[in-house]
Amino acid sequence: MSSEISGILLDQADRLFAQHVTRERLVEADAGRWPEAIWQAVEAAGLPLALVAEEAGGAGLAAADGMRLLRRVGYHTVPLPLAETMLAAHLWAAAGGTVPEGPITLGPCNDGDAVALDRAGAGFTLRGRLHRVPWGGQAGHVLVHARDAGGTARLALLARPPAGNAERTNLAREPRVTLDLDGIALAEDAVRPAPKLAEEGLLVLGALVRAQQMVGAMERSLDYGLTYANERKQFGRPIGKFQAVQHMLAIAAGHYAAAAAAADFAAQEWGSARFGFAVAVAKARAGEAAGAVAEAAHQVHGAMGFTQEHPLHYATRRLWSWRDEFGHEALWQERIGRQVCAAGGTALWPMLVGA
Amino acid sequence: MQAFQFDTVTLPPEAEAMRRRVRAFLAEERAAGHLSGRGSWSAFDPEFSRRAGAAGFIGVTWPREFGGHAQSFLVRYVVTEEMLAAGAPCGAHWVADRQSGPQILRHGSEAAKRDILPRICAGECFFAIGMSEPDSGSDLAATRTRAVRTEGGWLINGSKIWTSRAHRAHYLIALVRTGEAGEDRHGGLTQFIVDLAQPGVTVRPIRNLAGGHEFNEVFFKDYFVADDRMVGKEGQGWSMVTSELAFERSGPDRFLSDYQLLAELIDRVGEAPGERQAVEIGRLVAHLAALRRMSTSIAGMIESGRSPGVEAALVKDVGTSFERDLPEVARRIVAVEPSVDDGEDGFAAALADVELHAPSFTIRGGTREILRGMIARGLGLR
Ligand SMILES: Cc1cc2nc3c(=O)[nH]c(=O)nc-3n(C[C@H](O)[C@H](O)[C@H](O)COP(=O)(O)OP(=O)(O)OC[C@H]3O[C@@H](n4cnc5c(N)ncnc54)[C@H](O)[C@@H]3O)c2cc1C
């Protein structure tokens, strides 16, 4: 798809989110109701298939543009597994599968979980448990990364998540569900070799997605903060005239810009030899920035920002959750640290510049 | 939030070709024992500058008729980042190449251009910056050093302070008062090229806390400067200084000052770091990778003709915060007592050097507080 058309698609998505992700629906989603109306609108616009190749019936968005779309999803705090669906659909199509309708989630979503595949006649059975799967109880399908007895990485598409698993939510009240997969049977064609991007698991891809969403939610938080600083008056002038308030927002802007740059880096390296490194940089930097930006945005808002009434918390509660999902900062920092220490001091510079 | 878009820049093939040339040059310098490793852009080595000039690494973007190499800003960017990462002693030519030369090229007289620029490119002519005064630091508009008209030129009286390398440079560009400040306080300022070898100007050293002699006080007593050494027009000094500072702040020198310490830290920690060591080093590298992206993006903005003053202020603020963080992290994860004269432990010496210089990182080139004010204005506050 040309960059012009993808620009149009991004604008359309922005308008669509602004129109459909209303205050009322965010309140409902918070209360645990599935926002079917938003999903319908999003699906009608073809967004779940944004990252699926045109030949496979998708929009064929380039990875970098897809990542920009995910930022808009974060910015508008869309209370749906849209990012997860986009990623799962991309991977399943890349593996040669036919992408089903409806929301798709995926797992494992953290470092500790692993799923095994056992041969059972012509098909397979699964062995393992997935913790805190996004919308694991609502999504129509779950894309699971699993290894067979020979250690080969495969993707398995489960038609319906098993019922009766532990339902939890994150700080933003987004469902995070533990799925017990032991003994679930799969037909032959529901299991495919994992595409190269997903061979090592889904953690890196999930981290990339959350990093992009965090950049979007940070932008939203800053927008709220800047608007409020210019409108709210104390001591006879807008609080944005006070140097202390200005500096808080300037520091937050620095974090935001650095996080966005790191997330751009990861988007640009999609699929390259440096992809893992770049994603680790993005998730670590965005996760650190998320805390700082949320803190500043709340401080600027005073008590108003601590209310249900003011919408700031839809963005900041997501930031506080997303920074811990698919590996918190320390996990990714440690990975980077081990990689650069193993390579030695003189190898760092070529690693940074990619040459 | 529309402000602060740091668009992705892909370095063109000629920039990567230049990277290979610079690395080959630096490998030779290292083999010849000219790179101590820890000098960066404040270490003054005229011989190194001459060789860098001869190799074509100074005045990279300037027109050929003035000795330059007519290449893009992205090519220049690669030269600077490779020099800094290698800890090359660029201090002699750095200011001339980064800001004085570009100012003269854009606003200088034909005579000044012909006389000075080719010598800068050859790595033979070095500049200092004459902005700060005893009563005019962050508040540059309070400049008091004055120039008054005389036959064929101007007479300058007053003094400058904190003038880095004025004792070794050939020239400085002085910001002086030639008229009334006016309502906005930005009027009446003009820039002149001052030849430090001429009578009427004296330089007195100021030692810094690390014991080094880097900056100075510069005194003017009826110093005569010819008309053709004026840079820009009379009274235009303010807007020129503002755009000059955007150049001064935009480069990788604002986050790579102590890069060598990071490389040494990694080697010191070794191949099998403890968990905490790995986490802390990984955090620093993540910060650095983001900064480098922002910095290349700024080079792209300059290349496309924009003047990214606010973006440069932001990168300098984030970059110098990183520079100050680095020694603090290093000392948390490696138990060593820093020592400037420990010839055996390179890490202890590097840490000592950086700790003693770190306070200046967030002051020189505009303090952190002034930068944050600029960022806030860029965000639409004020
Ligand atoms: C190593 C080094 C090299 C230097 N080299 C040069 C050089 O070559 N040429 C040159 O011209 N200058 C040079 N300088 C000077 C440098 O530009 C000034 O130090 C800087 O602009 C700050 O001015 P000041 O030191 O007078 O501090 P001040 O302006 O007096 O500031 C003192 C403190 O007050 C704060 N402050 C001031 N105004 C405000 C405000 N409006 N809001 C909030 N806080 C404020 C500052 O942020 C700072 O924390 C150098 C400085 C250093 C440290």
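Every value quoted in this text rests on a predicted model; they were computed, and no experiment measured them. (Residues numbered from 1 in each chain as written. Chains lettered and ligands numbered in written order. Predicted model: local features only at pLDDT ≥ 70, side-chain atom pairs only at ≥ 80, totals over all residues. Heavy atoms only, no water.)

Asks: Help me understand the side chain of His90 of chain A, please; the structure alone is not making it clear to me.
Replies: All names here are of chain A. In this structure, His90 sits in helix 5 (residues 82-94). From its side chain, His90 meets the backbone oxygen of Leu51 in a polar contact 2.8 Å long. Beyond its immediate chain neighbours, meaning those up to four positions away, His90 contacts Leu51, Val52, Leu197 and Trp270. (Helix = DSSP H or I, 4+ residues; strand = E, 2+ residues; numbered from the N terminus. Polar contact = N/O pair within 3.5 Å; in protein donor to acceptor, adjacent residues only side chain to side chain. Contact = heavy atoms within 4.5 Å.)

Asks: Please explain the interface of chain A and chain B as it appears in this structure.
Replies: Bring the parts together and some accessible area is lost; that lost area is often taken as the interface size. Each side of the interface is counted separately: chain A has 45 residues, and chain B has 48 residues. The three residues of chain A that bury the most area against chain B are Gln246, Cys341 and Trp349 of chain A, which together make up 16% of that side's buried surface. Put simply, chain A and chain B have 1 salt bridge between them. A salt bridge links Glu288 of chain A to Arg283 of chain B, with the nearest nitrogen and oxygen atoms 3.1 Å apart. For the pair chain A and chain B, the number of links is 11 residue pairs in polar contact (both at pLDDT 80 or more). Of all elements in the fold, only helix 6 (203-231), helix 7 (243-268), helix 8 (275-301), helix 10 (329-343) and helix 11 (345-353) of chain A reach the threshold of two or more residues within the side of chain A that touches chain B. At 15 residues, helix 7 of chain A tops the list of elements feeding residues into the side of chain A that touches chain B. (Buried area = accessible area lost by both parts, 1.4 Å probe. Salt bridge = Lys/Arg side-chain N within 4 Å of Asp/Glu carboxyl O.)

Asks: Quick question: what am I supposed to make of the packing of aromatic side chains here?
Replies: Geometry of an aromatic ring pair is reported as the spacing of the ring centres plus the angle between the planes. The final tally for this structure, using the stated rule, is 12 aromatic pairs over all chains. Between Phe235 of chain A and Phe242 of chain A the ring centres are 6.1 Å apart and the planes differ by 90 degrees, which places this aromatic pair in the edge-to-face class. Note on Trp349 of chain A and Tyr259 of chain B: the rings are 5.5 Å apart at their centroids and 75 degrees apart in plane angle, and the pair reads as edge-to-face. With Trp349 of chain A in helix 11 and Tyr259 of chain B in helix 7 (residues 259-269), the pair connects residues from two separate chains. The two residues Trp349 of chain A and Tyr259 of chain B agree in class, both being buried. Ring pairs connect the aromatic residues Phe25, Phe48 and Phe57 of chain B, which therefore count as one cluster. Taking NZ or CZ as reference, Arg72 of chain A lies 4.5 Å from the ring centre of Tyr75 of chain A, over its face. (Phe/Tyr/Trp six-rings, centres within 6.5 Å; stacked < 30°, edge-to-face > 60°. Buried < 20%, exposed > 50% of the residue type's maximum accessible area, 1.4 Å probe, protein only. Lys NZ or Arg CZ within 6 Å of the ring centre and 35° of its normal.)

Asks: Looking at this model, I keep getting lost on the nonpolar core. Mind explaining?
Replies: The tendency in soluble globular proteins is for nonpolar side chains to be buried as a group. By size, the foremost hydrophobic cluster in this structure holds 173 residues, and its most contacted members are Phe17, Leu69 and Met218 of chain A together with Met83, Leu265 and Met294 of chain B. Considering each element in turn, this core owes the most residues, 16 residues, to helix 7 of chain A. Not counting the four nearest positions on each side in its chain, Leu69 of chain A is found in contact with Leu9, Leu10, Ala13, Phe17, Leu47, Ala50, Leu61 and Met86 of chain A. Of all hydrophobic cores here, the second largest spans 21 residues; its members include Phe44, Ala147, Ala169 and Ala174 of chain B. (Core = buried A, V, L, I, M, F, W, Y, C linked by side-chain atoms within 4.5 Å.)

Asks: Looking at this model, I keep getting lost on the domain arrangement of chain A. Mind explaining?
Replies: Residues and elements named next belong to chain A. Domains assigned within chain A are domain 1 (1-80), domain 2 (102-195) and domain 3 (203-348). Inter-centroid distance (C-alpha atoms) of domain 2 to domain 3 is 30 Å. If you look at the interface, domain 2 gives 12 residues, while domain 3 gives 11 residues. Summed over both partners, the interface of domain 2 with domain 3 comes to about 890 Å²; 49% of that surface belongs to carbon and sulfur atoms. Contact with domain 3 buries surface across domain 2, with Asp111, Leu171 and Ala172 losing the most and accounting together for 46% of the total. Across the contact surface, domain 2 and domain 3 share 7 residue pairs in polar contact (both at pLDDT 80 or more). (Domains from an automatic or database assignment.)

Asks: I would appreciate a short explanation of the domain arrangement of chain B in the present structure.
Replies: Residue and element names in this part refer to chain B. Along its sequence, chain B is organised into domain 1 (13-125), domain 2 (129-236) and domain 3 (251-378). The distance between the C-alpha centroids of domain 1 and domain 3 comes to 22 Å. On the side of domain 3, 21 residues touch domain 1, which itself brings 17 residues to the contact. Where domain 1 abuts domain 3, roughly 1,500 Å² becomes buried across the two surfaces, and 59% of that area is made up of carbon and sulfur atoms. Note that Glu81 is salt-bridged to Arg292, the shortest N-O span being 2.9 Å. Taken together, the elements giving at least two residues each to the side of domain 1 that touches domain 3 come down to helix 3 (73-85) and helix 4 (94-107). Considering each element in turn, the side of domain 1 that touches domain 3 owes the most residues, 7 residues, to helix 3.

Asks: Sorry, what's going on with the site of the ligand here?
Replies: Close to the ligand lie 16 residues; Ser132, Ser138, Trp162, Thr367 and Glu369 of chain B are nearest. Interatomic distance of 2.8 Å between a side-chain N/O atom of Gln243 of chain A and a nitrogen atom of the ligand. Contact distances for the ligand include 2.9 Å between a nitrogen atom and a backbone N or O atom of Trp162 of chain B. Broken down by class, the residue content of the shell around the ligand amounts to 6 nonpolar, 8 polar and 2 charged. Here the shell around the ligand spans two domains, since at least three of its residues come from each of domain 2 (129-236) and domain 3 (251-378) of chain B. (Near = heavy atom within 4 Å. Nonpolar A, V, L, I, M, F, W, Y, C, P; charged D, E, K, R; others polar.)

Asks: Explain the confidence of the model for chain B here, please?
Replies: Regions with low pLDDT should not have their predicted coordinates read in detail. Confidence in the prediction of chain B, expressed as mean pLDDT, is 95, and 98% of residues score 70 or more. Across the interfaces of the predicted complex, the ipTM metric reaches 0.96, alongside a pTM of 0.97. (pLDDT = per-residue confidence, 0-100.)

Asks: When you look at a nonpolar patch on the surface in this model, what are you seeing that I'm missing?
Replies: Residues and elements named next belong to chain B. A cluster of nonpolar side chains, Leu209, Val340 and Leu356, forms an exposed patch at the surface whose accessible area comes to about 290 Å². Looking at the element boundaries, Leu356 is found in helix 10 (residues 346-361). In this structure Leu356 comes out as partly exposed when scored by relative accessible area, which is 34%. (Patch = residues over 30% accessible without salt bridge, like charges linked within 9 Å, V, L, I, M, F, W, Y side chains within 5 Å. Areas by Shrake-Rupley, 256 points an atom, 1.4 Å probe, with all protein chains shown as cover.)

Asks: Hey, could you run me through the environment of Asp324 of chain A in this one?
Replies: Here Asp324 of chain A is to be found in the loop between helix 9 (312-322) and helix 10. A residue is classified by how much of its surface remains accessible, and Asp324 of chain A, at 48% relative accessible area, is partly exposed.

Asks: Any chance you could explain helix 11 of chain A here in plain terms?
Replies: Every α-helix carries 3.6 residues per turn, so stepping three or four residues along brings you back to the same face. By the burial criterion, the buried members of helix 11 of chain A are Gly345, Leu348, Trp349, Met351, Leu352 and Val353 of chain A. The inward-facing, buried residues of helix 11 of chain A abut helix 8 and helix 10 of chain A together with helix 1 (13-31), helix 3, helix 7 and helix 8 (275-303) of chain B.

Asks: Can you help me understand the sheet that holds strand 8 (residues 175-180) of chain A in this one?
Replies: Sheet strands pair via backbone hydrogen bonds, and the direction of the pair is either parallel or antiparallel. Residue and element names in this part refer to chain A. Reading across the sheet, the 3 strands line up as 4-8-7 and stay open at both edges, with antiparallel pairing between neighbours. Here the strands that pair on one side only, and so sit at the sheet edges, are strand 4 (129-134) and strand 7 (167-169). Across the sheet, the mean angle separating the axes of adjacent strands is 25 degrees when strand polarity is ignored. Here strand 4 pairs with strand 8 via 4 bridges, running antiparallel. Across the sheet, residue Pro134 finds its bridge partner in strand 8, namely Arg176. (Pairing = 2+ DSSP bridges. Axes fitted to C-alpha atoms, helices over the stretch in contact; angles between N-to-C directions.)

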